[in-house]
Amino acid sequence: MFKNMIVYRIAPQWQVELTQVEDALAKTPFMECGATQEKSLGWVPPRGEQHGPMVESVGGQWILRFMVESKVLPGSVLARRVKEKAERIEKETGRKPGKKESKELKDEAKLDLLPMAFTKQGSMWVWIDTASRLLVLDTSSQGRADEVVTLLVESLPGLSVSLINTQVSPQAAMSHWLKEQEPPVGFTVDRECELKSASEEKSVVRYARHPLDIEEVQAHIDAGKLPTKLALTWDDRVSFMLTEGLQIKKIAFLDTVFEGTKADDGGFDTDVAIATGELTKLIPDLIEALGGEAESGVANAAQGAAATASVSALAVTGPAMAPADTDPASAPF
């Protein structure tokens, strides 16, 4: 549960009861695609129980599950069907279809093929922390996140959210931590990162399972390459990959998290309690390591005064809007 995170701040004026959220989500349940339907999305019971509630509360944390299904229709197959239709028209009438007619033929071909197409499904955990006013989506794709946020805003009256925006951009902070070898308090730098040049060549250097406290890494930064990804560990409890867009990927809970638990401890409630219990501490610590939260969208006033000395000199504003989704297909959820 929660292998990736994109984090939003919920506006303070949004105050609802659990039953209101349940009633709202029940109006948009997930249903499989119809014969000629290209895509379907909606909510499913988080516990996986048929006809179960659409939102579960565990320790005061609200958990939802979003589901999407889409038809897989290869472009080559569609093009072949369009070509067959166009050749038939040319043979019967002696003319080639025009631009407008070709578009209509493509639509017809798609309707012909969709009933025979395979389907693929993907799901996403959605976590609402009402106490901290956080909305957390278990995805590394901003495009997927936008899709879910849109459905939530349409379903839940009055809901307003914005991406977390920090006083120091993740890229500036990561560059500082690598160059000065001074990770923020409570964090350690691990053995994986990606550095990318801002020049036209867009050259990329990747390190995996490699120490980063070496002169070579610092030389790359001096040469103008900036970190786009950096592996970190928080409090010897959670390891993850931080990206330049403040996305948190490859979340892994370390052995210390499970000390005192029995081998047979598990199930939905335990998984939720462990994940949310750790992440509710990690998220504010990470925000503080990035100089505190900046005032943006629905966020409260900036907390710049709480910034640590190691990043206070880097007065760089974090992303005020969603970063570009460079590779959405690689992360279905």
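First things first, this report covers the structure right here in the doc. (Residues numbered from 1 in each chain as written. Predicted model: local features only at pLDDT ≥ 70, side-chain atom pairs only at ≥ 80, totals over all residues. Heavy atoms only, no water.)

## Side note on the overall build of the protein
Point 1. Counting its regular elements, the protein contains eight helices and 12 strands.
Point 2. Evaluated residue by residue, the protein yields a buried proportion of 44% over its 333 residues.
Point 3. About 17300 Å² of surface is accessible on the protein, with carbon and sulfur atoms providing 50% of the total. (Helix = DSSP H or I, 4+ residues; strand = E, 2+ residues; numbered from the N terminus. Buried < 20%, exposed > 50% of the residue type's maximum accessible area, 1.4 Å probe, protein only. Areas by Shrake-Rupley, 256 points an atom, 1.4 Å probe, with all protein chains shown as cover.)

## Re the nonpolar core
Point 1. Core analysis: the largest hydrophobic core is formed by 46 residues, its most contacted members being Trp177, Phe240 and Leu286.
Point 2. For this core, the element with the highest residue contribution is helix α7 (residues 268-289), accounting for 10 residues.
Point 3. The next biggest cluster of nonpolar side chains, apart from the first, holds 28 residues, and it includes Trp14, Leu25, Val68 and Leu159. (Core = buried A, V, L, I, M, F, W, Y, C linked by side-chain atoms within 4.5 Å.)

## Details of a negative patch on the surface
Point 1. Taken together, the side chains of Asp235, Asp236, Asp285 and Glu288 present a region of like negative charge at the surface.
Point 2. Relative to the helices and strands, Asp285 is located in helix α7. (Patch = residues over 30% accessible without salt bridge, like charges linked within 9 Å, V, L, I, M, F, W, Y side chains within 5 Å. Salt bridge = Lys/Arg side-chain N within 4 Å of Asp/Glu carboxyl O. Lys, Arg positive; Asp, Glu negative; His and termini not counted. Charge placed at Lys NZ, Arg CZ, Asp CG, Glu CD.)

## Some points on the pattern of salt bridges
Point 1. Taken as a whole and assessed by the stated rule, the structure comprises 15 salt bridges.
Point 2. Ionic pairing is found between Arg81 and Asp112, a salt bridge with its closest N-O pair at 3.8 Å. Note that Arg81 is positioned in helix α2 (residues 75-93) and Asp112 in helix α3 (residues 99-113), a separation of 31 residues in sequence.
Point 3. Since its relative accessible area comes to 25%, Arg81 is described here as partly exposed.
Point 4. For Asp112, a relative accessible area of 32% puts it in the partly exposed group.
Point 5. Linking Lys85 and Asp112 is a salt bridge whose minimum nitrogen-to-oxygen distance equals 3.0 Å. Highlighted residues: Lys85 in helix α2 and Asp112 in helix α3, separated in sequence by 27 residues.
Point 6. Judged by relative accessible area, Lys85 falls into the buried class, the value being 13%.

None of this, on its own, says anything about what the molecule does.
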